[in-house]
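Remarks on the overall topology
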Amino acid sequence: MPISKELLEILACPKCKGDIFLNRRGDGLICKACHLLYPIKEDIPVMLIDEALPYQGEEG
Amino acid sequence: MEQEILKARYTQQEITRKYNWIAPIYDLFGVLMESKYRQRALEIAAIRNGEKVLEVALGTGLNFVEILKRNPNGWVDGVDVSMKMVAKARNKICKTGQRNYTLHLCDCRHLPFEDEAFDVVMNQYLLDILPVEDFIPILLEFKRVLKGGGRIVLVNMTKGERWLNQIYEGIYRLKPPLLAGCRGVMAQPFLKKIGFDQFQREFVSQLGFPSEVVRGMKRNGSG
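Residues numbered from 1 in each chain as written. Chains lettered and ligands numbered in written order. Predicted model: local features only at pLDDT ≥ 70, side-chain atom pairs only at ≥ 80, totals over all residues. Heavy atoms only, no water.

1. A closer look at the pattern of salt bridges
Just so we agree on the cut-off: Within this document, salt bridges are pairs made up of a side-chain nitrogen of Lys or Arg and a carboxyl oxygen of Asp or Glu, the two lying within 4 Å of each other. Only DSSP runs of H or I reaching four residues or more are called helices, and only runs of E reaching two or more are called strands; each is numbered from the N terminus. Burial classes follow relative accessibility: with a 1.4 Å probe on protein chains only, a residue under 20% of its type's maximum area counts as buried, one over 50% as exposed, and anything between as partly exposed.
Per the stated rule, a full pass over the model turns up 17 salt bridges over all chains. The partner of K17 of chain A in a salt bridge is E141 of chain B, with the nearest N and O atoms 2.9 Å apart. Within this pair, whereas K17 of chain A is found in the loop between helix 1 (5-10) and strand 1 (21-22), its partner E141 of chain B is found in helix 5 (residues 135-145), the two belonging to separate chains. According to the relative accessible area criterion, K17 of chain A is partly exposed, its value standing at 25%.

2. As for the packing of aromatic side chains
Residues and elements named next belong to chain B. Quick reminder of the rule: Two rings from Phe, Tyr or Trp (for Trp, the six-membered ring) form a pair when their centres sit within 6.5 Å of each other. Planes less than 30 degrees apart are called stacked, planes more than 60 degrees apart edge-to-face, and all others tilted.
Throughout the structure, instances matching the rule amount to four aromatic pairs over all chains. Ring plane angle 75° and centroid distance 5.0 Å describe the contact between F135 and F190, whose orientation is recorded as edge-to-face. Residue F135 is found in helix 5, and its partner F190 is found in helix 7 (residues 188-193); the two are separated by 55 residues along the sequence. Taken individually, F135 and F190 each receive the classification buried, so the pair is uniform in this respect.

3. Observations concerning the nonpolar core
Grouped burial of nonpolar side chains is what soluble globular proteins tend to show. Applied cut-off: What we call a nonpolar core is a set of buried Ala, Val, Leu, Ile, Met, Phe, Trp, Tyr and Cys residues that are connected through their side-chain atoms within 4.5 Å.
Formed by 46 residues in total, the largest nonpolar core has its most connected members in L54, V56, L111, F113, L139 and F142 of chain B. By residue number, the principal contributor to this core is helix 5 of chain B, which donates five residues. In this structure, L48 of chain A together with Y37, V65 and V76 of chain B belong to the second largest nonpolar core, which totals 33 residues.

4. Re the interface of chain B and chain A
Going by this rule: Working rule for contacts: check all heavy atoms of both residues, and any pair within 4.5 Å makes them a contact. Buried area: the sum, over both parts, of the accessible surface (1.4 Å probe) that disappears when the two are put together. Put simply, Ala, Val, Leu, Ile, Met, Phe, Trp, Tyr, Cys and Pro go in the nonpolar bin, Asp, Glu, Lys and Arg in the charged bin, and everything else, Gly too, in the polar bin. Here, strands pair whenever DSSP counts at least two bridges between them.
With 24 residues of chain B at the interface, the matching set in chain A holds 21 residues. Between chain B and chain A lies a buried interface of about 1900 Å² when both sides are counted; carbon and sulfur atoms form 64% of it. Put simply, chain B and chain A have two salt bridges between them. Going through the elements one at a time, strand 2 (75-80), helix 4 (83-94), strand 3 (101-106) and helix 5 of chain B are the ones with two or more residues in the side of chain B that touches chain A. Among the elements that make up the side of chain B that touches chain A, the one with the highest residue count is strand 3 of chain B (six residues). A class-by-class count of the residues in the side of chain B that touches chain A yields 13 nonpolar, three polar and eight charged. Of the pairings in the sheet, the one linking strand 4 (residues 44-47) of chain A to strand 3 of chain B comprises two bridges and is parallel in character. Among the inter-strand pairings, M47 of chain A is bridged to a residue of strand 3 of chain B, identified as C106 of chain B.

5. Comments concerning the confidence of the model for chain B
Which entries qualify depends on this criterion: For every residue, the predictor reports its confidence as pLDDT, a number between 0 and 100.
Counting all residues, the mean pLDDT for chain B is 86, and 84% of those residues have values of 70 or more. For this predicted complex, the interface score ipTM comes out at 0.90, alongside a pTM of 0.86.

Structure, rendered in structure tokens:
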């Protein structure tokens, strides 16, 4: 199931609690403040700080 | 109250590993030992259609599908730390045909939601596996995402009131894996400490397995 508008309204970065947004490919959620990308695996957002990838800023 | 709670035996990593391992057979345990509490928790939560509900540690989704049934026009989020549990839950939830939900993988200490996002936060059998020192930080995180006036409903293995119930505490002392690392806890004193009120607590026993269902309310403007 794709990430819905309702979810994005209440979803926050688990680390800083700031806004996050879907990346262009739709396979990750980006927190610009923490420079982290939370991957979406099999339609499930993996919102684990330890498993987040560094975000380089080339997307969004 | 805290000193009566036995020491937790598993680390966070061990918990994730064990619950990934028991995911395929978890429903058997869930139906045999937990169905009565699940039903009572849903009644006490009194979810109104249209509300935003979060279930923390949704496991294989046994409770989640019941929340969805009661809330066809609302929104339900479910989180768990085990990918295998979430995958199993998703298979079950897909069969409801409802689309007003999302599942996430996350650590309950760091919920990926904005402040005051939910009307109801439900959680079953989580505190009873975690160290006592984690209770307050986790409950504060639950409180953060709950709206003022929102309800928290917790179910945990608790201290037994009869000898049959106390057998389970004995099993935990001897062989914690037989109870998936759960031991008796009491959540209400911790909820009270962080400002919840209007409590309702019930003790329920199923096959002698002692659980408590606790509901508290977050005061408006209490952070």
